[in-house]
Amino acid sequence: MGEPGNQVEDTTPKPKRKVLKTKKVTHSGYFSPILLLEECGTPVDPDKLTEDQKNEALSLIYRFHHAGWLHNSIYARNIVAQPGPLNVPPSERSKKNMSFRLIDFGRSTAVKDDDYDARQFQSSRCYEETSVQKLFKM
């Protein structure tokens with residue numbers, strides 16, 4: 001071990017443990033952990049987008065809100081772009097037709113049907129939409 005004053009501290013990185021949430025499958029009664037990974041694109045740089053691309057990326061938030069959801073994590077890193085269109089094979093995609101996706105739904109919330117939630121949703125929705133408009137300088 002060596003002398004008490006000459007010990008070296010162990011700085012080896014320790015692996016982080018991740019806990020997967022599981023959902024009980026009712027028809028068979030067992031838990032089935034599922035992890036889906038997909039290359040969704042690269043985070044957008046608002047300063048490098050054209051006006052049309054900014055409008056398309058901004059529409060992601062509007063459509064998300066229209067469906068009754070709040071994202072609660074509006075940042076450029078959570079809007080990604082990749083060559084498109086996505087309905088053609090990857091070899092035929094082009095950066096001229098960029099496709100945008102909204103990611104990271106860990107803080108997202110659905111709106112309930114009561115009046116209080118509807119009022120709060122309108123306020124939060126306006127805040128998110130103003131934030132993303134500032135992000136894209138629109």
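First, a word on what this report is: a plain description of the structure on this page.

Rules behind the numbers
- Residues numbered from 1 in each chain as written.
- Predicted model: local features only at pLDDT ≥ 70, side-chain atom pairs only at ≥ 80, totals over all residues.
- Heavy atoms only, no water.
- Helix = DSSP H or I, 4+ residues; strand = E, 2+ residues; numbered from the N terminus.
- Buried < 20%, exposed > 50% of the residue type's maximum accessible area, 1.4 Å probe, protein only.
- Areas by Shrake-Rupley, 256 points an atom, 1.4 Å probe, with all protein chains shown as cover.
- Salt bridge = Lys/Arg side-chain N within 4 Å of Asp/Glu carboxyl O.
- Phe/Tyr/Trp six-rings, centres within 6.5 Å; stacked < 30°, edge-to-face > 60°.
- Lys NZ or Arg CZ within 6 Å of the ring centre and 35° of its normal.
- Expected span 1.5 Å × (residues − 1).
- Lys, Arg positive; Asp, Glu negative; His and termini not counted.
- Polar contact = N/O pair within 3.5 Å; in protein donor to acceptor, adjacent residues only side chain to side chain.
- Core = buried A, V, L, I, M, F, W, Y, C linked by side-chain atoms within 4.5 Å.
- Contact = heavy atoms within 4.5 Å.

### Description of the overall build of the protein chain
1) Next: When helices and strands are counted, the protein chain shows 2 helices and 5 strands.
2) Next: Start at the N end of the protein chain and walk to the C end: the helices and strands fall as β-α-β-β-β-β-α.
3) Next: Every one of the 138 residues in the protein chain was classed for burial, and the buried ones make up 25%.
4) Next: Accessible surface, the protein chain: about 11100 Å² in total, of which carbon and sulfur atoms supply 54%.

### Notes on the pattern of salt bridges
1) Next: What the rule picks out here adds up to 2 salt bridges.
2) Next: Across the salt bridge formed by Lys137 and Asp47, the nearest N and O atoms sit 2.7 Å from each other. Pair noted here: Lys137 is in the segment after α2 (115-135) and Asp47 is in the loop between β1 (42-43) and α1 (51-66), with a separation of 90 residues, a long-range link. An identical accessibility class is assigned to Lys137 and Asp47; each is exposed.

### Some details on the packing of aromatic side chains
1) Next: In this structure the tally under the stated criterion is 2 aromatic pairs.
2) Next: Ring geometry for Phe64 against Phe105: centres 5.4 Å apart, planes inclined by 40°, an arrangement best described as tilted. Placement of Phe64 in helix α1 and of Phe105 in the loop between β4 (94-102) and β5 (109-110) is noted, with a sequence separation of 41 residues between them.
3) Next: Among the aromatic residues, ring-to-ring pairing joins Phe64, Trp69 and Phe105 into one connected group.
4) Next: The residue whose ring lies beneath Arg77 is Tyr75, and the NZ or CZ to ring-centre distance is 4.2 Å.

### Side note on α1
1) Next: The end-to-end C-alpha distance of α1 is 22 Å, a good match for the 22 Å that 16 residues give at a rise of 1.5 Å each.
2) Next: Positive backbone phi, at 95°, marks Gly68, one or two positions downstream of α1.

### Considerations on unusual backbone geometry
Excluding glycine, residues mostly have negative phi values, and the peptide bonds linking residues are mostly trans.
1) Next: A cis amide bond links Gly84 with the next residue in sequence, Pro85, at an omega value of 0°.
2) Next: For Pro85, the position within the fold is in the loop between β3 (79-84) and β4.
3) Next: Phi at Asn72 is positive, roughly 65°, even though this residue is not glycine.
4) Next: Counting through the fold element by element, Asn72 comes out in the loop between β2 (69-70) and β3.

### Considering the side chain of Lys54
1) Next: In this fold, Lys54 is placed in helix α1.
2) Next: Glu51 provides the closest opposite charge to the buried, unpaired Lys54, separated from it by 4.0 Å.
3) Next: There is a polar contact of 3.3 Å between the side chain of Lys54 and the backbone oxygen of Phe136.

### Considerations on the nonpolar core
1) Next: Counting 16 residues, the largest nonpolar core has Val44, Ile79, Phe100, Leu102, Val132 and Phe136 as the members making the most contacts within it.
2) Next: Those elements that provide at least two residues to this core are α1, β3 and β4.
3) Next: Of all the elements, α1 adds the most residues to this core, at 5 residues.
4) Next: When near neighbours in sequence (up to four residues on either side) are disregarded, Phe136 contacts Val44, Pro46, Leu49, Lys54, Ala57, Leu58 and Ile79.

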